[in-house]
Each structure stands twice: as structure tokens, then as C-alpha cells.
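# Chains, contacts and geometry: an overview
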Amino acid sequence: MPLFYMQGMPIGFVALMLALVASMGGFIFGYDTGQISDILLMDDFRLRFATCTNYAVASTCEFTVVRSGLIVSLLSIGTLAGALVGAVVADKLGRRLAMVVECLIFMIGVTIQLTSFHVWQQVAVGRFISGLGVGALSAAVPMYQAETAPTQLRGTLTATFQLFITGGILVAYSIGIGTRSLGGASSWKLLIGLGMIFPGMLIAGISMMPESPRWLCANGKSDKAAQAIARIYGIPRKEASSNRYVNAELDEIVNQLEAEKRFKAGWIDCFKPQNMTLYRTLLGMSLQSLQQLTGANYFFYYGATVFQSVGINDSFITQIILGGVNFGCTFGGLYVMERFGRRRPLIIGGLWQSIWLFVFASAGTAKDPTTSGSIGTLMIVSACLFILGYATTWGPGIWILIGETFPTRTRAKQGALATASNWTWNFLLAFFTPFITKSIQFRYGFVFAACNLLGACVVFFFLYESSDLSLESVDDMYNDPKCKPWTSRRWAPAGYSSRYDLVEQTKAAQARKPFADTEEKRIEHAGSNLNTTVGTTATGPSDLPADADVERSNVFVGRNGGPDAPGYNVGLTKSGPPGGMDRAYRDGHGNAS
């Protein structure tokens, strides 16, 4: 039975668990990201893998910028390749089985690192292989969450991926504090080895979760898809085939997939301009790139080194503070992204982050922080305030958008391309940051500040507001020629006067108000089910029943129609609003949008 109701829709226990279980992939990502900053400063690791003038004294050992850059960044190269391959694996094996395979790959990479004793290249190769698993997980998890989570909770549940990333970073920092005092290789091998626990947890947990209903429908398993949707809503399995909520969502998924079957979805399709596909591919890649260019990983990868240069005696403690702020504020991000949508938080967040990066860079440039305690303190405070903004906006927000922006037929591939962009910039920043900071020091912050301003502009001019909409409605919105990014918050699906109206009608349905007055008229208005009452051969107003709730001068019928198919455009039901911005438009599968 449902655990609770939200906006009139039942939410099952499984809906919450799938977000938490799948988000363990984010924890793996965060843990692997967070550990390397501390490991590079551990005495035994430096004695084994750095260049030393006296191999008996750790303080004489230093990593060259090339060596440290490769050890840190080869994880990112692996994640880049993993993100691209992960799309094919997720489409072929299914979202759940793909995650299991990716966890095993990650564990192989960890094993290679643990068996290294004096060859730094082996550590780097191990991180590369681990990166293959992490990259594939970073593409599969948000996609699985977005495809499986109820619309009413999709933002919050998908954002748990970012929450778990921050949790993984914080846990890595905390364990690093404890293991650094251990003698010998245990100081860093225990920190790396504990990373084997989390993929094991993901493998065990995801095996008990339902497969993505959209993947099941795309592979001809509609009955199993209905059962998966029922589990998510907390509806008894025996009612899966008759429950109206299950059937409504299943019909919407099937209708969308039927329309998309006319097109084969290859990699090249991600770059075709039809149906705003190219637009969304470039948008997703841009947003993921800009997330890296916010500068957050500058602190996460090299934070201990950065604050050591500021003059902090124990830079590990500063890392813990930053990690704690990042993790704690991400809880606020779950609320912000669900309550205020996607566009507004990202715009405000970009501006906020830019301000504090300007402060950080200006303070570090104006005066040597190693000789001024007040300047060092100001830089730490500004870094924490920057992380506060990132954790509540750009951190979780971009992963939400990657899961909900793309159409079903190319979602895996477009998500992979977007995630690959993230990892490309991740690598570039991880590898070149030592060179850049050696040359321009804290003025590096000005570069990130400018990138944050650019990110705010990209969101304002190009990103559509996708909160409160089903994935299929998001696709319709992007294809509505009257809808612009800055007006997209006012867009509503056909049959609803606004998104608020959508929520209220759903609540009314749950309150057992007359279903015919809301949902049935919406369905009639959309035109997607007219063929079930009048037959698929209807081609004009005269073929409709006398009491059909449509404007007979402007009717479109046929489930698999479209702009080029016989029939008439659905304009407006006599009793319902048109949807869209000003009126309804035909979409590619016979519905008004």
C-alpha cells in the first residue's frame, strides 16, 4: 500500500528506496573523489610514489605536477570512457544489471590500486579502471532515477545522487583523518580498500529494486512495466493491470515510445535538429561542463594542498569543514530544487558562487595568506560560502536535469554525452590545475568566477523549466514553438490551465472527486485516446460521437498520427484549456502539447 500521498498521487516505500539504493553510485563517485586529496599528502604514499631526495624522510618527497596530475586525473579519463560505454550497456542490459556490472569494474580497479607497492603508474591505471565503473554509474544512476521516480518526487529523488556524492566525499575525508596516523601502507590502503564496501551495497540493494518502466516498455515488456509502476506507487501487484494511476502512466509511456519507433535512435540522432534533439544535447553537455567549471572540484581534489598553501597548520581539518558544509547544504538543495524549480535556483546559484569566488581570488591575490591570518580566514569563509551555494543549486540541479531533459529514445545516449562532457572537464581541471596554480596561484579563482556568470546566462537563455512535469510532457514542452526558456514556467500540458491546475486536478482525483470531470476530459482533449472510442479510421469531425467534448472545426484523431498523418489538429475541448503557452499544438505522436 502507499506510504503517503503527494500532490494527490500515491507514493510507495519502493519509490524512496530506489533513490537511496541507486544513489549509492553517487557515494562511490564521491568517496573516490574525496580520498585522493588526502592520500597525496600521506607520508607513506609520498615515500613510495613521489620523488624524494632522502627516501627515509617523507618531508623531502614531492610529486611533480605531471605525476600528481596523472594520478588524480586518470580517474576522470576512465569516467569519460565509462560514461560513453555506459549508455550502450544500460540500453542493452537494462538499468539495474548495468549498474551491477559497473560496480564490479570499479572493484577491479580498487584491487589493482591495493596491490601496488612502489609503481605509481599501477595506482594511476587502477584509478583509470575504477573510473570506467564510476563514469558508467554516473550516467546510469540519474537516468534510472528519473525514469523510475514518481513525477511529484522526481527532483528530490534524483538529487539524492548529488547528496550521496557529497556524503562520499565527507566520509572519505573523515576516514582519511583517522588512517593518516597509521603506520606504513595501511594509512592509504585502508582508505582505498574501504571503498569496496559501497559497490557491494549497491549490488545487493539494486537487485531488489524494480527495473525502469520506460526501459521495460521499450523492450516489449509492458506487463512488467505495469508491475514496476505499481511497486513504485505502493499499489498491490494484483491491481497493476486495473489501477488507473498505473494505466495512465503506462499509456503515456507507450504512446511516446510508439511515436518514437518511427525513428532509429543511434548516436548520430543525438545531433539532429528535429524535435529539439540537437538543442538538448548541446544544452546537456554545456550544463555538465559548466558544473565542473564552477570550481567545486578545485577544492575537492586539491583542497588540502590549497589550504596548506594558505598557511593552515592542519589542512585535513579544513577539508572536513568544506566536506561538512557541502554535505549538509545538499539537504537544502533537495528542498530548493523541488520547491523553486530548476531555472531560478541555478541562476541565483551561479551569481552567488561567482561573488564568493571573486572574494576568494581577490583576497589571495591582494596579500600573501601565509603571512596574514585574517586573509587566510577570509579565504576559508568565502570557500565555505561558495560551497553552500554550489551544494544547494548547481550540485544537485544539473544531475536532475540530465535525467529529465532528453526524450526516451535517445535519453541514454544524450545523458552519456552530457556526463562525458562533465568528465572531460573533470580531467582537464584535475590534470592542469597544478600547472595553473603554480603559474597564477589564487588568481585561478577569477576564471571560475567568470564561468559561474556564464552558467547563469546559459540557464536563463536556454534552459526550459521542467519541474512538476512527466518526462513525456517535458518532451512536449521543448517542442512547443510558442514556449521559450524564460516563459517555460507558465507552460502546462494539454488539458490544464497551469502546472498548479495540474497538481490540483491530481489532488482532486485522489480525493475521489468525479474522475470524468478531470482526467477523462484531459484525455479527450489531448486526443490520444479518441481512437479507442471512435476507431482508428476516423478522419474528420463527422466520425466522432455526437457528445464528444471537442471543437469539431479543429479535431485531430489517431494515436499514432502526427503533423504529416491524416486527421485534424486538436485545438481545444469545449470544457478544457488548451495547454501549452497560449493554445495547444500538435506533437509527433498525435497529442496536443
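These notes cover the structure that comes with them. Bear in mind that the values here come from a model prediction, so they are computed numbers and not experimental data.

### Some words on the packing of helix α7 (residues 154-179) against helix α8 (residues 186-193)
A packed helix pair is summarised by two numbers, namely the angle formed by the two axes and the spacing between the axes. Axis separation between α7 and α8 bottoms out at 9 Å; the angle between their running directions is 155 degrees. Classified by the angle between their axes, α7 and α8 sit roughly antiparallel to one another. For the pair α7 and α8, the crossing hand works out as right-handed. Touching A172, I175, G176 and T179 of α7 are S186, S187, L190 and L191, all from α8. Of the residues in the contact of α7 with α8, the class split is 4 nonpolar, 4 polar and no charged.

### Points about the pattern of salt bridges
Side chains carrying opposite charge are able to pair once their charged atoms draw close together. Summed over all chains, the structure comprises 11 salt bridges. Across the pair R280 and D475 runs a salt bridge, and its minimum N-O distance is 2.7 Å. With a gap of 195 residues between them, R280 in helix α13 (residues 277-292) and D475 in helix α21 (residues 471-478) connect regions that are remote in the sequence. Comparing R280 with D475, the two get one shared label, buried. In this structure, R342 and E404 form a salt bridge, with 2.8 Å as the shortest nitrogen-oxygen distance. One end of the pair, R342, is in the loop between α15 (315-339) and α16 (343-366); the other, E404, is in helix α18 (residues 394-404), and 62 residues separate them in sequence. Overall, the relative accessible area of 1% leaves R342 in the buried class. Of the residues examined, E404 reaches a relative accessible area of 0% and is grouped as buried. A network of salt bridges, in which partner residues are shared, links D91, R95, E147, R411 and K413.

### Digging into the nonpolar core
Ranked by size, the top nonpolar core spans 110 residues in total, and within it F45, I206 and L287 carry the most contacts. Per-element tally for this core: the top contributor is α7, with 9 residues. Sequence-distant contacts of F45, defined by excluding residues within four places in its chain, comprise I39, L40, A50, F63, I71, V123 and W188.

### Overview of helix α6 (residues 120-148)
When the terminal C-alpha atoms of α6 are compared, their 41 Å separation across 29 residues agrees well with the 42 Å that a helix rising 1.5 Å per residue should span. With 23 of 29 residues buried, α6 lies mostly within the body of the structure.

Conventions and cut-offs
Residues numbered from 1 in each chain as written. Predicted model: local features only at pLDDT ≥ 70, side-chain atom pairs only at ≥ 80, totals over all residues. Heavy atoms only, no water. Axes fitted to C-alpha atoms, helices over the stretch in contact; angles between N-to-C directions. Helix = DSSP H or I, 4+ residues; strand = E, 2+ residues; numbered from the N terminus. Parallel < 35°, antiparallel > 145°, perpendicular 65-115°, else oblique. Left-handed = near helix turned anticlockwise from the far one by under 90°. Contact = heavy atoms within 4.5 Å. Nonpolar A, V, L, I, M, F, W, Y, C, P; charged D, E, K, R; others polar. Salt bridge = Lys/Arg side-chain N within 4 Å of Asp/Glu carboxyl O. Buried < 20%, exposed > 50% of the residue type's maximum accessible area, 1.4 Å probe, protein only. Core = buried A, V, L, I, M, F, W, Y, C linked by side-chain atoms within 4.5 Å. Expected span 1.5 Å × (residues − 1).

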